[in-house]
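# Structural characterization, general
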Amino acid sequence: MALRWGIVAAGAISNDFVAAVHALPAADHQVVAVAARNLDRAKQFASRHNISTSYGSYEELAGNCDIDVVYIGSIHTEHPKLCKLFFDAGKPVLCEKPLTTSLQQTLETVNLARERKLFLMEAVWSRCSPLYQTLRDEIASGTVGEVVSVEACFGYDARDAPRITQKELGGGATLDIGIYCIQFANWVFGETPQKVTSSGHLNKQGVDMSAGIILLYSNNRIAHLYYSTVVPMKSHGIVYGKEGTIKVECLQCPTDMWIGEKHIEIPNPPSAESFNFCGSAGLAYEAEHVRQCLTQGLLESPLVPLSESINLAKTMEEALEKLGVTY
């Protein structure tokens, strides 16, 4: 029986998620309803994606008994209250990253999911890419020897995007794209950092527009991360081992990896849909991962466990505090 999705918010990332789901077998996935704060917008979204039901409030979607799981694609600051709304309705949740804008809110949201015994996953879709597992397998097999350093970089121009520039919308580079760099380093090292150092610049609204972070891990391992929402930068991650290097292109949604001169490619699922963001066809891997988790009766993802969401929130909060940003 197909997993029946409800879509919370009708913005650009929700568009891409639904478009990616459409590339999956209809026998496994169906998008059955969408809700937005504006009914006309929800109807337009539904018409564009051939969704049968649209709502002008999130509460109406929460009351729909024909939904198995919801995807929350709203602005960051709405995530905690929307998670609670759908937990109260007994719905499993896939919530866009960042799960919340603070460690305290993340702890509260995770604890609520655990109390209600409901599935919750932060949508760190990178972890669902087959290339991420290939990367970890190569590291574990000793292909590049002992890994001692990681470098990650990601940047694009978002100076005119209110969701990035405005503090009240949960803006800032760290919450938007810095999380990709941090989770990449955690994935490579298999743990969370012991020390966080950061430096960067803020806009007039008091949110970070670019930053550099140094993360120190056990056994003298280190990660150098840089990200910007001011200038475009080629997204990549590099793993430095004592016997070689691994380079991952487009670390948020990779399809290409080099081990020295050896090239490994795992394409995203084919899709005729149009997307707002680069690589969004890879969101299909995330949707299918959620289906597999729910089929197995899991309450959290083994790729993005709730403990990792807490750790990511802690690292980001430490970095942001050093930058002078609080939410």
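It should be noted that the structure appears before, not after, this text.
Below you will find a few notes about this structure. Predicted model only: the values in this text are computed from it and were never measured.

Quick notes on the rules
- Residues numbered from 1 in each chain as written.
- Predicted model: local features only at pLDDT ≥ 70, side-chain atom pairs only at ≥ 80, totals over all residues.
- Heavy atoms only, no water.
- Disulfide = S-S within 2.5 Å.
- Buried < 20%, exposed > 50% of the residue type's maximum accessible area, 1.4 Å probe, protein only.
- Salt bridge = Lys/Arg side-chain N within 4 Å of Asp/Glu carboxyl O.
- Helix = DSSP H or I, 4+ residues; strand = E, 2+ residues; numbered from the N terminus.
- Pairing = 2+ DSSP bridges.
- Axes fitted to C-alpha atoms, helices over the stretch in contact; angles between N-to-C directions.
- Contact = heavy atoms within 4.5 Å.
- Arc of directions from axis to C-beta.

## Section: the state of the cysteines
In this structure the tally under the stated criterion is 0 disulfides. The cysteine Cys181 is free of any disulfide, with Cys153 supplying the nearest cysteine sulfur at 6.9 Å. Among the residues examined, Cys181 registers a relative accessible area of 0% and is labelled buried. The cysteine Cys253 is free of any disulfide, with Cys250 supplying the nearest cysteine sulfur at 3.3 Å.

## Focus: the pattern of salt bridges
A complete count under the given rule lists 16 salt bridges for this structure. In this structure, the salt-bridge partner of Glu308 is Arg127, at a minimum N-O distance of 2.6 Å. Residue Glu308 is located in helix H10 (residues 306-323), and its partner Arg127 is located in the loop between strand E6 (120-123) and helix H6 (130-140); the two are separated by 181 residues in the primary sequence. No difference in accessibility class separates Glu308 from Arg127, as the two residues are buried. The salt bridge partner of Lys247 is Glu249, with a shortest N-O separation of 3.6 Å. Of the residues examined, Lys247 reaches a relative accessible area of 31% and is grouped as partly exposed. Glu249 sits in the buried class, given a relative accessible area of 14%. Several salt bridges share partner residues, and in doing so they unite Arg4, Asp66 and Asp68 into one network.

## Thoughts on the sheet that holds strand E7 (residues 147-155)
Judged by pairing direction, the sheet is mixed, and its 8 strands sit side by side in the order E8-E9-E10-E7-E11-E12-E13-E14 without closing on themselves. The sheet terminates laterally at strand E8 (195-202) and strand E14 (262-265), the two strands that pair on one side only. Strand-to-strand twist across the sheet, computed as the mean angle between neighbouring axes with direction ignored, equals 10 degrees. Here strand E13 (residues 256-259) runs beside E14; their pairing, made up of 4 bridges, is antiparallel. Among the inter-strand pairings, Met257 is bridged to a residue of E14, identified as Ile264. H6 contacts E7, strand E11 (233-241), strand E12 (244-249), E13 and E14 of the sheet and is inclined by roughly 15 degrees relative to E13. In this fold H10 packs onto E8 and strand E9 (208-217), with an angle of close to 50 degrees to the strand it touches most, E8.

## Digging into helix H4 (residues 79-88)
Buried within H4 are the following residues: His79, Pro80, Leu82, Cys83, Phe86 and Phe87. In an axial view of H4, the angular spread of the buried residues amounts to 165 degrees, which keeps them on one side of the axis. As for H4, its buried residues are in contact with strand E1 (3-8), helix H3 (58-62), strand E4 (69-72), strand E5 (93-96), helix H5 (103-116) and E6. Count one or two residues on from H4 and you reach Gly90, which has phi positive near 75 degrees.

## Overview of the environment of Ala2
Here Ala2 lies in the segment before E1. For Ala2, a relative accessible area of 15% corresponds to the buried category. Each C-alpha atom of the pair Ala2 and Val31 lies 9.6 Å from the other, and the pair is 29 residues apart in sequence. Residue contacts for Ala2: discarding those within four places in its chain leaves Ala26, Ala27, Asp28, His29, Gln30 and Asp68.

## Remarks on the pairing of E7
Counted residue by residue, E7 has 7 buried out of 9 residues, so it is predominantly covered. Bridging between E7 and E11 involves 7 bridges; their strand directions are antiparallel. Bridge pairing in E11 links Cys153 to His236. Examined bridge by bridge, E7 and strand E10 (residues 221-228) share 7 bridges and lie parallel to one another. Counterpart to Cys153 in the pairing with E10 is Tyr226.

## Topic: the sheet that holds E1
Read from one edge of the open sheet, 6 strands run E3-E2-E1-E4-E5-E6, paired in parallel fashion. A single partner strand is all that each edge strand has here, and the edge strands are strand E3 (53-55) and E6. This sheet shows a mean twist of 25 degrees between the axes of neighbouring strands, independent of strand direction. Across the sheet, helix H2 (residues 39-49) touches E1, strand E2 (29-35) and E3, and the angle it forms with E3 is around 160 degrees.

## Focus: the side chain of Asp176
Residue placement: Asp176 occurs in helix H8 (residues 173-189). With sequence-adjacent residues up to four places away left out, Asp176 is seen in contact with His76, Lys97, Tyr156, Arg163, Ile164 and Thr229.

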